[in-house]
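# A look at the structure
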2 protein chains.
Amino acid sequence: MEKDALLQCHEKIRPYIHRTPVMTSRLLNELSGAELFFKCENLQRMGAFKMRGAMHAILNLSPDQQQRGVVTHSSGNFAQAIALAAASLGLPAYIVMPSNAPTVKKSAVEAYGGKITECTPTIQAREATASQIQQETGATFLHPFDDHDVILGQGTAALELLEDFPDLDYLLAPVGGGGLISGTALAAHFFGKNCQTIGAEPFAVDDAYRSLQSGKIETNTTTETIADGLKTNLGEKTFPLIQQYVQKIIRVEESEIVTAMRLIWERMKIVVEPSGAVPFAAILRAHPFFEKKKVGLILSGGNVDLTRLPF
Amino acid sequence: MEKDALLQCHEKIRPYIHRTPVMTSRLLNELSGAELFFKCENLQRMGAFKMRGAMHAILNLSPDQQQRGVVTHSSGNFAQAIALAAASLGLPAYIVMPSNAPTVKKSAVEAYGGKITECTPTIQAREATASQIQQETGATFLHPFDDHDVILGQGTAALELLEDFPDLDYLLAPVGGGGLISGTALAAHFFGKNCQTIGAEPFAVDDAYRSLQSGKIETNTTTETIADGLKTNLGEKTFPLIQQYVQKIIRVEESEIVTAMRLIWERMKIVVEPSGAVPFAAILRAHPFFEKKKVGLILSGGNVDLTRLPF
């Protein structure tokens, strides 16, 4: 059923997303000892894979629900994705953002037509504000990752990658709330040929690694990582999928993320955000494990502030 | 004849170069009012179109000449291109570089297998050193742009672009020594459907603009531009081609180059060097001229020092 659901999801969202290119690099292959296939979701609409899940979640609402619009709280890529996905269908999108969110993030959401409501920067205030908008407008709340439709949508990046390169040995994706990694793992399970999925996350926010060890959802005590998309804890829907379908999590140091990011920029000439470079950092760190293997990586996004680069 | 020569050149170099992708951006189309087609030579081997001309020049040497190797003097992309092109055929490449050339440039040439000879940083010393290497080794000297084979090679980027999108109204390329723009203009003339070629250069080094006005090769009194690939004067072979086939030159301010470069990085998520952003800067500056036109741009290269960005 999940296999058919993934295919149906892909059919539905296809007109609204880019089929992103898969890039290779002789030099990065030599550096890593593996054969790497980079799925360039940094070249996706609005600059990240989140567009896929947002589009799918909105398309699966009833016509009546769609007309009343959607609401979410996010200061990151999901806010932009919901704004652009809703705008693509001519629907209203209400985005709750903390008052201290960077101006560039707010401007991006507004540029896509999202209606921003600011709130105090606490999770309670965000949820309360979103809830109030739901009641006032009848808009449907969409969760950035702990949602079956969103998970399937994120999985279509790996689905496309496996359509292009069916015999990958491994698929790697970064782990934040777990939407991308669980969708990727579903795609690898149903469409790969014995393709195993591996998550990558910073040591600084290694909640997924610890959650797999303890068997329950662990939280992060600090969020001091350059990979700002990966600070979130796992969700009730994503964690069981990760337990079932993800082989392991590789953790990386902050300096390894910066090195990986810089290599991608310098050698592949593409802009990738720190979170998107984490899987490549994991491959470099654990390179004997990937020796001579065919490895797909989801380059999750390319939304960075060019005035605040780590190099 | 030039038409056949371009096609034969493309056939020859094809196994050694990437057929680079053509990217489009809805947002940059909206910003400019034109329909833009970016030929991504920043994704070419060694990161710039120079690979095409270098490959063609070396392939056109006799087997005997090839065995003795090639020599050039350059501190930029052409040095890397000659090193990689020669290495692709297992031939020696001797690169004369000024002793004050940045370490990153020397390392890149060495990484491609080029044999570096350092000299004092004057044009006289560079030519004398190259001449001495010619005499000692029998290597053939290759000029970075004022060479018919090099010009044809550079023209194959536009040839591919016109194969993909035959009905472009304009083709834009940056103007340094004129190898790229004259090759581009030949391709537009022979393979476009009434496609006109326009050059783009910084006001700070507007020798090509002034040369077209005066009818003779003008020089630059300063070289204070961020577009470090465009400081060179035109050559005896490139200037007549530019006079015959290039419709006009658009000049841009330094701040316009930085803005254009940043827009390409932020919106297209690709790394382009300042020189490569100059044509897009020209379109933004002269946007009423390009209104609703189909415009091809050669994104000439992506070799930048990430620790020294202008934003």
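Residues numbered from 1 in each chain as written. Chains lettered and ligands numbered in written order. Predicted model: local features only at pLDDT ≥ 70, side-chain atom pairs only at ≥ 80, totals over all residues.

This part covers the domain arrangement of chain A. Residues and elements named next belong to chain A. According to the domain assignment, chain A consists of domain 1 (2–48 + 150–299) and domain 2 (51–141). If you average the C-alpha positions of domain 1 and of domain 2, the two centres end up 25 Å apart. Between domain 1 and domain 2, the residue contacts involve 17 residues of the former and 14 residues of the latter. Only helix H1 (2–13) and helix H8 (148–164) provide two or more residues apiece to the side of domain 1 that touches domain 2. (Domains from an automatic or database assignment. Contact = placed C-beta atoms within 7 Å. Helix = DSSP H or I, 4+ residues; strand = E, 2+ residues; numbered from the N terminus.)

A word on the interface of chain B and chain A. On the chain A side, the residues contacting the 14 residues of chain B number 14 residues. Along the lines of polarity and charge, the residues of the side of chain B that touches chain A split into 7 nonpolar, 4 polar and 3 charged. (Nonpolar A, V, L, I, M, F, W, Y, C, P; charged D, E, K, R; others polar.)

Here we take up the sheet that holds strand S1 (residues 22–23) of chain B. Residue and element names in this part refer to chain B. Read across the open sheet, the 6 strands follow the order S1-S2-S10-S7-S8-S9; overall the sheet is mixed. Edge strands, defined here as strands with exactly one partner in the open sheet, are S1 and strand S9 (246–252). With 5 bridges connecting them, strand S7 (residues 170–174) and strand S8 (residues 196–202) associate as parallel partners. Bridge pairing in S8 links Ala173 to Gly199. Contacts from helix H13 (residues 274–285) reach S7, S8, S9 and strand S10 (294–299), with the element oriented near 135° to S7. (Pairing = 2+ DSSP bridges. Axes fitted to C-alpha atoms, helices over the stretch in contact; angles between N-to-C directions.)

Turning to the packing of helix H3 (residues 50–59) of chain A against H8(A), a few remarks are in order. Residues and elements named next belong to chain A. In the contact formed by H3 and H8, the axes pass within 7 Å of each other and the chain directions differ by 135°. Our classification of the angle between H3 and H8 gives oblique. Considering the relative orientation of H3 and H8, their crossing is right-handed. Between H3 and H8, the residues in contact are Arg52, Gly53, Met55, His56 and Ala57 and Asp149, Val150, Leu152, Gly153, Gln154, Thr156 and Ala157, respectively. For the contact of H3 with H8, the per-class residue count stands at 5 nonpolar, 5 polar and 2 charged. (Parallel < 35°, antiparallel > 145°, perpendicular 65-115°, else oblique. Left-handed = near helix turned anticlockwise from the far one by under 90°.)

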